Amino acid sequence: MTARPSSLISSVIACVGVWVLISGCTGCGSGYSRLLSLKTSTRRVMTEYTFLERTSGRLFGNLTGGKKAAVDSSRLTPLAQKNLINRYNYLYSTLNPLRPERVGMHWDSVQSTFWTTDSTRRRVRLGAEVYGWHPSWMADNWMQAPFQLLTTIAYFSYNIDPETGGCLNPEDMEAWRSIALVDSAHAHDCRVLLSITCEGPDRTARFLTNRIAWKTLSDSIASLLRSRGADGVELAFTDMPSDLAPRFNDFVSELNGSLEKSLPRGECYLSIVLPPDDPGGAFALQELQQTADLMVVQGYGYAGEEGAAAVAPLLPAEDGGPCLDRTVRQYLERGLDKEMSVLALPLYGHQWRDTLDKSQGNYVSRFDRVVTYSEIRRLYRPSDTSFTLTPSLDPVSMTNYYLLEFPDKSAIECWFDDDFTLGRKMDLALSRGFQGVGLWALGYDAGHDEIWRQVREKFTTDTLQVRDPVTAYLGYPVRVGDFFLRHGDLIATAAAAFAFTVVAAFFIAFSDWRVRNSVFYGAFNFFLFILSSALLLVPLLSWLGFFGDTRMGLLAAFLTGIGAGYLIFRLTKSLQFKRP
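Note that the coordinates shown come from a computational prediction; the quantities given were computed from them, not determined experimentally. (Residues numbered from 1 in each chain as written. Predicted model: local features only at pLDDT ≥ 70, side-chain atom pairs only at ≥ 80, totals over all residues. Heavy atoms only, no water.)

Novice: Please explain the overall build of the chain as it appears in this structure.
Specialist: Scanning the chain from N- to C-terminus turns up 19 helices and 15 strands. Long-range contacts, defined as pairs at least 24 residues apart, comprise 70% of the intrachain contacts of the chain with a sequence gap of at least 6. In the structure as shown, the chain presents an accessible area of about 31400 Å², 60% of it carried by carbon and sulfur atoms. (Helix = DSSP H or I, 4+ residues; strand = E, 2+ residues; numbered from the N terminus. Contact = heavy atoms within 4.5 Å. Areas by Shrake-Rupley, 256 points an atom, 1.4 Å probe, with all protein chains shown as cover.)

Novice: Please explain helix 8 (residues 245-262) as it appears in this structure.
Specialist: Note: α-helices contain 3.6 residues per turn, so residues at a spacing of three or four share the same orientation. Between the first and last C-alpha of helix 8 there are 26 Å, a value that for 18 residues agrees with the 26 Å anticipated at 1.5 Å per step. All buried positions along helix 8 are accounted for by Ala245, Phe248, Asn249, Phe251, Val252, Leu255, Asn256 and Leu259. Buried positions in helix 8, seen along its axis, are confined to an arc of 165° and lie on one side of it. Every exposed residue of helix 8 that faces more than 90 degrees away from the buried side is listed here: Pro246 and Lys261. (Expected span 1.5 Å × (residues − 1). Buried < 20%, exposed > 50% of the residue type's maximum accessible area, 1.4 Å probe, protein only. Arc of directions from axis to C-beta.)

Novice: Quick question: what am I supposed to make of helix 4 (residues 170-178) here?
Specialist: Burial in helix 4 covers these residues: Asp172, Met173 and Trp176. The buried residues of helix 4 occupy an angular sector of 100° when projected down its axis, which confines them to one face. Away from its buried face by more than 90 degrees, helix 4 exposes Glu171, Glu174 and Ser178. Buried residues along helix 4 sit in contact with strand 4 (152-159), helix 5 (181-187), strand 5 (191-198) and helix 7 (211-228).

Novice: Teacher, can you tell me more about the environment of Thr291 here?
Specialist: Mapped onto the fold, Thr291 is located in the loop between helix 9 (285-288) and strand 8 (294-298). Here the alpha-carbon distance between Thr291 and Ser253, two residues 38 residues apart in the chain, equals 6.5 Å. Each residue touching Thr291, except ones within four places of it in the same chain, is listed here: Val252, Ser253, Asn256 and Leu270.

Novice: How should the sheet that holds strand 6 (residues 232-237) be read in this particular structure?
Specialist: As a general point, the strands of a sheet are linked pairwise by backbone hydrogen bonds and lie either parallel or antiparallel. The 8 strands are arranged 3-4-5-6-7-8-9-15 in a closed barrel whose pairing can be described as parallel. Direction aside, the axes of adjacent strands within the sheet are offset by 25° on average. Here 4 bridges tie strand 6 to strand 7 (residues 269-274), and the two strands are oriented parallel to one another. Within strand 7, the residue paired with Gly232 across the bridge is Tyr269. Sitting on the sheet, helix 8 touches strand 5, strand 6 and strand 7, and the angle it makes with strand 6 is about 165°. (Pairing = 2+ DSSP bridges. Axes fitted to C-alpha atoms, helices over the stretch in contact; angles between N-to-C directions.)

Novice: How should the packing of aromatic side chains be read in this particular structure?
Specialist: Any pair of aromatic rings gets described here by the distance separating the centres and the angle formed by the planes. Counted under the stated rule, the structure contains 19 aromatic pairs. Here a set of aromatic residues connected by ring pairs shows up, and it is made of Phe207, Trp214, Phe237, Phe248, Phe251 and Phe283. Positioned over the ring face of Tyr269 is Arg191, at 4.1 Å from the centre of the ring. Sitting over the face of the ring of Phe420, Arg424 holds its NZ or CZ atom 4.8 Å from the ring centroid. (Phe/Tyr/Trp six-rings, centres within 6.5 Å; stacked < 30°, edge-to-face > 60°. Lys NZ or Arg CZ within 6 Å of the ring centre and 35° of its normal.)

Novice: What is the right way to read the side chain of Ser157 from this model?
Specialist: Looking at the secondary structure, you find Ser157 in strand 4. Within the local environment of Ser157, its side chain forms a polar contact with the side chain of Thr197, the two groups lying 3.2 Å apart. (Polar contact = N/O pair within 3.5 Å; in protein donor to acceptor, adjacent residues only side chain to side chain.)

Novice: Could you clarify how one ought to interpret the side chain of Thr421 in this entry?
Specialist: Positionally, Thr421 belongs in helix 12 (residues 419-431). Residue classification places Thr421 among the buried residues on the basis of a relative accessible area of 0%. Polar contacts involving the side chain of Thr421 include one to the side chain of Asp417, which spans 2.8 Å. Residues within four places of Thr421 in sequence aside, it is in contact with Leu393, Met398, Thr399 and Asn400.

Pasting the structure below:
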C-alpha cells in the first residue's frame, strides 16, 4: 500500500516546521542549558555538603554515645571536630566561588535567613582616614567592599625587579589595567593607589643602588597610573638595611617628582608603609614626611614561627616584647607626625598545631597557616548544635583565641581579632592622635559586617569619646605614673618649692617656745611628731643608700627615725629652762 501524496507532503512540512522551531530557539536553548548545568552543579555541591554534615553528625554521636558533651567543648572536643576543621580547610576553598555573599547576600545559619549589607552607611567624617588594601589574589572580592567607609584603597601590588625596575608579576598588572575597582572607588570619592613592593634586604639594597632601575620603574608606574586614572602610589619596602636610609630618601623624592610631572593633574598621592619595628632607623621620618602625604604604620605581623601568639598584640606577653603600644610610642618619639598617620590592623589570624611534650608537660606549638576572619567564623563553628565553641579573650594582647584539645594529645590554636578587639585597637590609634586606621585586607571578612560597624561608629560621627585601651587595662596607677612622666620637670620643681616652704615654716614656727611646748607636752601631738619623723627618714635614708633596699634596711630606717624624733624631744625639753 502506498502513501497518499497529500499525506506525504503534510509530513514533510511538519518535520520542516519542527526543525525551524528548534533552530529559532537555539539561543534560548543554549542559555537554558547553561542554567540547567549551573543548577545541577549547585545541587551536586549542596548534596555533598549535606552528606558531610550528616556523616560528621553520626560520627560525633557514635563517639559520645548520642549524648551532649559533658565537658567544656572549647577545651576538649572529639576527634570528629578536629577532622571537621581539617576537612573544611579545603571545602572552604572549593565552595568559596559559590558563596551567596558574592551576589550581595549573606546566609545566617542560626535564623536560617539571607540578609544583605546596609546600603545607607554614613560616610567617613572630614579629616579622618580609613585605609584598605585589595590584594591581587582576592580576584573580585572587592565588589563587596564598603566604599562609603573607605577613603583610600591600595591595589597590592607591583613587585619590583631589583635589576631592571620592571615588574616581577606582569599578570597582576594586566589585571590592574582591566579591574573595575578603580572606577567603583572613584564613584564613591575614594582614592586609589598602586602599591609598589620590594621585599628582603638583598633585593632592596640592589634596587636602591641602581639608579637606572629607578628610571624604568618611574616610567612603568606613570603608564599604569595614567591608564586607569589612579591617584598615586604606596611604597612598601620590607627589611630595608638602615645604612640605605639616604638612598631611600633620594628614591622617594625622585619618584614623587617624576610622577607629578607625568600625571595629567600634576599631583601624585604618596603613602609610605612603616614596619612594626625599625630599630636601625632605616626610615628617616623627618625627611620622608616632607614628601609623603600619608604614613602607614604596620600594626600586625608580630607573631613568629614558634610559639602561638597574637598577630597584633596590644601589650607584650613579656616585658619589652613587641606590641602595638611599643610600636606607636617608638615612632611618635622619633618624630612621626600623628596627624598624617594611620595604624594598619589585621583582618586575619594565625592557626597553630600543638603537640604535647610529655617531658615538659606542655604543648609545643608549630605554625600552621594564615586564616582569614571569614574563614575562622566558618571553621570554628561545630556542626553539632548541642554545644558551641566560644573563643577566649587574652586581655594583655587584646586578642581572641581558640584552644581545641583532642584525645590524641594534640591541639589546635587560632589567634585572631574580632570586632571587639579591633575596636579597642582603633581606640589606641585615635587616643594617640592618629588620623585613622588601615585594614589588611578587603574581602578577608566577606560575609561579616560587624567589623565595619565598628568603623562606622568610630569614624563617621563628629563627636566621639575615646579611651586609651592601654591605660584602661593597666588601671589608675599607670595613668598617674604616665602623668608624672609627661610632666616630670614641672612636678619636680613644684615639689622642691613646696618642700623648701614647709621646712622654712617648720623652723620659723619652732623658734617660738609656745609652739614647742604645744607640740612636745601633748601626748598625742608628741606621738604624731615621732611618727612623722620616722616616716620622713625612711625614704631619705633609703635614697641615700644607708640601709639598702631590703626590708630589714627599711625597718632600720624606721627605727632610726623614731630614735631621732625622741632625741629631738629630749633636746627640746632640756631647753625649756632657757626660754625667755
